[in-house]
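Architecture at a glance
Take a look at the letters that make up each chain.
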Amino acid sequence: LNAKTKSIVIAIDGPSGVGKSTISKLVAKRFAYDYVDTGAMYRAVAIAASDKGLNLDIDSALAEFCKTIEIHFEDNGTKVFVNDVDLSERIRTPKAGEQASRSSALPSVRDFLISLQQKMGRDPGSSGVVMEGRDIGTIVFKDAELKIYLDADEKTRTRRRHGDYSPPQATQASSITLDEVENELAGRDKRDRERKHSPLRMAENAALIDTTDLTIDEVVERIVGLMKEKEIIA
Ligand code: DC
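Remember, it's a predicted structure, so these values are computed and weren't measured experimentally. (Residues numbered from 1 in each chain as written. Predicted model: local features only at pLDDT ≥ 70, side-chain atom pairs only at ≥ 80, totals over all residues. Heavy atoms only, no water.)

All right, on to the site of the ligand then. Around the ligand sit 14 residues, and of these Arg 43, Arg 110, Arg 188, Asp 192 and Arg 195 come closest. In the model, an oxygen atom of the ligand is placed 3.3 Å from a nitrogen or oxygen of the Ser 104 side chain. For the ligand, the protein covers 98% of the area, taking 440 Å² as the surface of the free molecule. For the shell around the ligand, the secondary structure elements donating two or more residues are α2 (38–51), α4 (94–103) and α8 (178–194). Take the shell around the ligand: its biggest share by element is four residues, from α2. For the shell around the ligand, a count of residues per class yields two nonpolar, five polar and seven charged. (Near = heavy atom within 4 Å. Polar contact = N/O pair within 3.5 Å; in protein donor to acceptor, adjacent residues only side chain to side chain. Areas by Shrake-Rupley, 256 points an atom, 1.4 Å probe, with all protein chains shown as cover. Helix = DSSP H or I, 4+ residues; strand = E, 2+ residues; numbered from the N terminus. Nonpolar A, V, L, I, M, F, W, Y, C, P; charged D, E, K, R; others polar.)

Looking now at a negative patch on the surface. A grouping of Glu 70, Glu 74, Asp 84, Asp 86 and Glu 89 is seen on the molecular surface, where their side chains present a negatively charged patch. Residue position: Asp 86 is located in strand β5 (residues 85–86). (Patch = residues over 30% accessible without salt bridge, like charges linked within 9 Å, V, L, I, M, F, W, Y side chains within 5 Å. Salt bridge = Lys/Arg side-chain N within 4 Å of Asp/Glu carboxyl O. Lys, Arg positive; Asp, Glu negative; His and termini not counted. Charge placed at Lys NZ, Arg CZ, Asp CG, Glu CD.)

Between its first and last C-alpha atoms helix α9 (residues 216–229) spans 20 Å; for 14 residues at 1.5 Å apiece the expected length is 20 Å, and the two agree. Inspection of α9 places Val 219, Val 220, Ile 223, Val 224, Leu 226 and Met 227 among the buried residues, and these make up the whole buried set. Buried residues of α9, viewed axially, fall in a sector of 160°; they line one side. The exposed residues of α9 that point more than 90 degrees off its buried face are Asp 217 and Glu 229. (Expected span 1.5 Å × (residues − 1). Buried < 20%, exposed > 50% of the residue type's maximum accessible area, 1.4 Å probe, protein only. Arc of directions from axis to C-beta.)

Another aspect to go through is the side chain of Asp 192. If you trace the backbone, Asp 192 turns up in helix α8. Relative accessible area serves as the criterion here: at 3%, Asp 192 is assigned to the buried category. Contacts of Asp 192, omitting those with residues within four sequence positions, involve Ser 16, Ser 101, Arg 134, Pro 199 and Leu 200. (Contact = heavy atoms within 4.5 Å.)

Scope: geometric values only; no functional claims are made or implied.
This is the structure in structure tokens:
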């Protein structure tokens, strides 16, 4: 008999608002893989640290803080907890995104979360994982079986992210304007691309998918096609 096949890692990176979460969840569901939203981990650390009154730009403060926290997901990656407190709702605001973008530039926070992500990714109990973020293909899993870099033009990403803040089932119209979302994305992207520690960039061996003119299903089908090419699936 063959040795147990190792678990598969599919790395999905790209800028804010490109659709990483939507796409990653669908791919994970289709193959019953785990789903890990690493942005949610950076957001959760930022919220928990700011609740403690810590300055999110000071590495030494965050280094101490990271020693005191335990982070885990529930409901197949859709809920995130820090020290058993459910922060899933609170991480989904523009402010949380901004705070996460700041604290994620600190080496202490990155080292802490990257090692956690590496453990979650090669979980022997699962057949595979779809992990999304900014540095999954370049740093966290340089050896991922498949690396995807999603991109889309800025207007499209702004529109998509604005939609995230105004779900169709919301009873009140979103108070966030397109301009505010555009500023949020531009500020975060610049910081995420220009920071010293694992900046956002495409891995050399990643497949680039420009999603500007593609539907969600079309993007998923392209990824499934790449999985076949790489013989990850039959
Ligand atoms: O994907 P997101 O918008 O939830 O991510 C929030 C912030 O976290 C983003 O501005 C940059 C940071 N981040 C990161 O530095 N590395 C990752 N792998 C994921 C997110």
